[in-house]
Amino acid sequence: MDTGLILLVFLAFLFAWLLNKVRRFFRLSPVAYGGVMVVFVVAMLLIWGQQHG
């Protein structure tokens with residue numbers, strides 16, 4: 001398995017954990033939380049694709 005992909009998965013879990021803390025602080029709705037996660041996943045996939053393209 002590609003080490004870059006493993007790193008992206010680790011960063012995604014770290015980002016989700018931090019975003020959950022921030023969501024509680026700012027009282028974000030579940031829709032906003034889901035939107036931020038979708039944008040993060042798309043951005044990470046684009047970055048990963050740029051490195052392997």
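Only a predicted model underlies this, so the values are computations on that prediction, with no experimental measurement involved. By convention here, each chain's residues receive numbers from 1 onward along its written sequence. Residue-level local features of this predicted model are given only where pLDDT is at least 70; pairs of side-chain atoms are given and counted only at 80 or more, and the full residue set underlies all totals for whole chains, interfaces and linings. Values shown for side chains rest on all heavy atoms present in the structure; no hydrogens or waters enter the calculation.

S.K.: How should I be thinking about the UniProt feature "transmembrane region" (unreviewed entry) in the protein in this particular structure?
M.R.: UniProt positions are given in the numbering used here, feature names are shortened, and annotations may be inferred rather than shown by experiment. Using the residue numbers shown here, the UniProt feature "transmembrane region" (unreviewed entry) corresponds to residues 31-49. Only runs of H or I of at least four residues qualify as helices and only runs of E of at least two qualify as strands under DSSP, and these elements are numbered from the N terminus. Secondary structure content for residues 31-49 is 100% helix and 0% strand, and the end C-alpha separation is 27 Å.

S.K.: Got a minute to help me understand helix 1 (residues 3-26) in this structure?
M.R.: The α-helix advances 3.6 residues per turn, and as a result positions three or four apart in sequence lie on the same side. The end-to-end C-alpha distance of helix 1, which contains 24 residues, comes to 34 Å, matching closely the 34 Å that a straight helix rising 1.5 Å per residue would cover. Of the positions making up helix 1, those classed as buried are L8, A16 and L19. Contacts from the buried residues of helix 1 go to helix 2 (30-52). One or two residues past the end of helix 1 sits R27, with phi positive at roughly 55 degrees. Under the convention used throughout, the expected extent of a helix is 1.5 Å for every residue step, that is, one less than its residue count. Exposure classes here rest on a 1.4 Å probe applied to the protein chains alone. A residue is buried below 20% of its type maximum, exposed above 50%, and partly exposed in between. Only heavy atoms matter for contacts: two residues are in contact if any of them lie within 4.5 Å across the pair.

S.K.: Is there a simple way to think about the environment of W48 in this case?
M.R.: Relative to the helices and strands, W48 is located in helix 2. Taking the C-alpha atoms as reference, W48 lies 26 Å from K21; in sequence the two are 27 residues apart. Residues contacting W48, with those up to four places away along its chain left out, are D2, G4, L5 and L8.

S.K.: What should I look at first to understand the packing of aromatic side chains in this one?
M.R.: Geometrically, a pair of aromatic rings is defined through the distance of the ring centres and the angle of the planes. For this analysis, a ring pair means two rings from Phe, Tyr or Trp (six-membered ring only for Trp) whose centres lie within 6.5 Å, classed as stacked if their planes differ by under 30 degrees, edge-to-face if by over 60, and tilted for the remaining angles. Evaluated as defined, the whole model comprises one aromatic pair. Consider the rings of F15 and F40, whose centres lie 4.0 Å apart with planes at 10 degrees: the pair is stacked. Here F40 lies in helix 2 and F15 lies in helix 1, a separation of 25 residues in the sequence. Classification of F40 as buried rests on a relative accessible area of 12%.

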